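# Structural description and commentary
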Amino acid sequence: MKTVLNTTDEHELVSLLEQQRTLYQGLRSLAERQKSLVVADDTGALLSLLAQRQSLVDGLVGLNQRLAPFRQQWAATFAGLPEQVRRHVAELIEEANQSL
């Protein structure tokens, strides 16, 4: 079964996946900084970083909730995207998978 998304839904899906990519990049950056703060025994900066990290994780939780309707019938949703959008979505998903 092929689900055809309207343009607004397509844009929302792409926007959510791009936001997800940005949050994953932020988490990766914080993880790198976290290592150096632990080695430097900089507790104050580490606590601040952990608060930033929690904020990014909270953002990912919210994005996952907003992505849930798209994921419910993912195969049909993905197949219903125009080719160019489908390629971009596939790239964003691949980036997310690599980040994980």
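About the thresholds
Residues numbered from 1 in each chain as written. Predicted model: local features only at pLDDT ≥ 70, side-chain atom pairs only at ≥ 80, totals over all residues. Heavy atoms only, no water. Helix = DSSP H or I, 4+ residues; strand = E, 2+ residues; numbered from the N terminus. Rg over C-alpha atoms; globule rule 2.2 N^0.38 Å. Contact = heavy atoms within 4.5 Å. Phe/Tyr/Trp six-rings, centres within 6.5 Å; stacked < 30°, edge-to-face > 60°. Core = buried A, V, L, I, M, F, W, Y, C linked by side-chain atoms within 4.5 Å. Buried < 20%, exposed > 50% of the residue type's maximum accessible area, 1.4 Å probe, protein only. pLDDT = per-residue confidence, 0-100. Salt bridge = Lys/Arg side-chain N within 4 Å of Asp/Glu carboxyl O.

What follows concerns the overall build of the chain. Helices and strands together make up the secondary structure of the chain, namely four helices and zero strands. Seen in sequence order, the chain has helices and strands lined up from the N terminus as α-α-α-α. Its C-alpha atoms give the chain a radius of gyration of 17 Å, clearly above 13 Å, the size a compact globule of 100 residues would have. C-alpha atoms of the chain, sized along the principal axes, occupy 55 × 20 × 20 Å. Put simply, 75% of the contacts in the chain that link residues at least 6 apart link residues at least 24 apart.

Turning next to the environment of Thr-7. Inspection of the secondary structure assignment puts Thr-7 in helix α1 (residues 7-40). Taking the C-alpha atoms as reference points, Thr-7 and Pro-82, separated by 75 residues in sequence, lie 9.9 Å from one another.

The tally for this structure, following the rule as stated, stands at one aromatic pair. Ring plane angle 35° and centroid distance 5.8 Å describe the contact between Trp-74 and Phe-78, whose orientation is recorded as tilted. Here the residue Trp-74 and the residue Phe-78 both occupy positions in helix α3 (residues 74-79), the gap between them amounting to four residues, near one helical turn.

By size, the foremost hydrophobic cluster in this structure holds 22 residues, and its most contacted members are Leu-13, Leu-17, Leu-67, Phe-70, Leu-81 and Val-89. If you list the elements that add at least two residues to this core, you get α1, α2 (43-72) and α4 (83-99). When residues of this core are assigned to their parent elements, the largest contribution, nine residues, is made by α1. Here Phe-70 is in contact with Leu-5, Asp-9, Glu-12, Leu-13, Leu-16 and Thr-77, once residues within four sequence places are set aside.

When pLDDT is averaged along the chain, the result is 93, and 96% of the positions lie at 70 or above. The weakest mean pLDDT in the chain belongs to α3 at 93; the strongest belongs to α2 at 96.

This paragraph deals with the pattern of salt bridges. Under the criterion given, the structure shown has three salt bridges. The shortest N-O distance in the salt bridge between Arg-86 and Glu-83 comes to 2.5 Å. In this pair, Arg-86 and Glu-83 both sit in helix α4, three residues apart, roughly one turn of the helix. Look at Glu-83 and you get partly exposed, because its relative accessible area is 41%. Note that Arg-87 and Glu-83 form a salt bridge whose closest N and O atoms lie 3.5 Å from each other. Linking Arg-87 with Glu-83, this pair stays in helix α4, spanning four residues, or about one helical turn. What you see here is one network of salt bridges that share partners, running through Glu-83, Arg-86 and Arg-87.

A few words now on unusual backbone geometry. Here the phi dihedral of Asp-41 falls at roughly 55°; this positive angle occurs in a residue that is not glycine. Here Asp-41 shows up in the loop between α1 and α2.

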